[in-house]
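# Understanding the architecture of this molecule
Spelled out from the first residue to the last, the chains are:
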Amino acid sequence: MPEALTLHRGFIQMLIESPDPCLGLGMLLCGGVRTGYVVMRPATPIPARVTNQGFRFGHAMLGDPQDQVMLMSLQFYGATTYHGLVNPSNRVALAVIDQMLAMRDYFFMVLDPKAGLTVFRSRGEEANLVGLRTNRETFPTAQCSPAAYTRMVNIFRKNPTPPRSVDLA
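Residues numbered from 1 in each chain as written. Predicted model: local features only at pLDDT ≥ 70, side-chain atom pairs only at ≥ 80, totals over all residues. Heavy atoms only, no water.

### Considering the side chain of threonine 35
Heads up, the condition is: Segments assigned H or I by DSSP are reported as helices when at least four residues long, segments assigned E as strands when at least two residues long, and all are numbered from the N terminus. Relative accessibility under 20% of the residue-type maximum defines a buried residue, over 50% an exposed one, and the middle range a partly exposed one, all with a 1.4 Å probe and only protein chains included. Whether two residues touch is decided by their heavy atoms; if any such pair falls within 4.5 Å, the residues are in contact.
Structurally, the position occupied by threonine 35 is in strand β3 (residues 33–41). For threonine 35, a relative accessible area of 1% gives the class buried. Filtering out sequence-adjacent residues up to four positions away, threonine 35 remains in contact with Gly26, Met27, Leu28, Gln99, Met103, Asp105, Tyr106 and Phe107.

Here it is in structure tokens:
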């Protein structure tokens, strides 16, 4: 039997009410142990035949030294790639990424308000964490004000193709 996951209801409700597509980082309890997760809510539901095949996860730092964001990408096999931006100045995002790196046990979720959550778990796969660890190490020098982050999100929404390739594990 799968372990029970405990999520923050208010955070999930906020994602449901946010304009789509959206991506968030949060903490959950799995078997009483706290770890991090990445959750996305695409503009259109992803069919089970696609999510059942799994996905590849990638990330990169975008922007200039004054305003940098972390791009997170999820490429579903046989389907499309979804991107989300994370502000490296956000303390909650930093805490979640730090917990994911420390525990080497984290989750990805796809939220469909009508059908629920599809959950993927990644355990102890250090190879998948190397790039995330490297990007996390740049966060102390990466800055992005709330206004700059909003501006970058708006630009990215108009053209959601990264300006360079993203390494997908």
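### Here we look at the confidence of the model for the protein
Just so we agree on the cut-off: pLDDT is a residue-level measure of predictor confidence that goes from 0 to 100.
Looking at the protein as a whole, its pLDDT mean stands at 82, while 87% of the residues score no less than 70. Element-level mean pLDDT values for the protein span from 68 in helix α4 (residues 126–138) up to 91 in strand β2 (residues 22–30).

### Some details on the nonpolar core
Selection criterion: In this description, a nonpolar core means a group of buried Ala, Val, Leu, Ile, Met, Phe, Trp, Tyr and Cys residues linked to one another through side-chain atoms lying within 4.5 Å.
In this structure, Met72, Phe76 and Phe108 are the most contacted members of the largest nonpolar core, which totals 23 residues. Mapped onto this core, the elements with two or more residues apiece are β3, β4 (55–64), β5 (67–76), α3 (91–103) and β7 (105–112). With five residues, α3 is the largest single contributor of residues to this core. Those residues in contact with phenylalanine 108 that sit more than four places away from it in its chain are Val38, Phe55, Phe57, Leu74, Thr118, Val119 and Phe120. If you look at the next biggest cluster of nonpolar residues, it comprises eleven residues, including Leu15, Cys22, Leu28 and Cys30.

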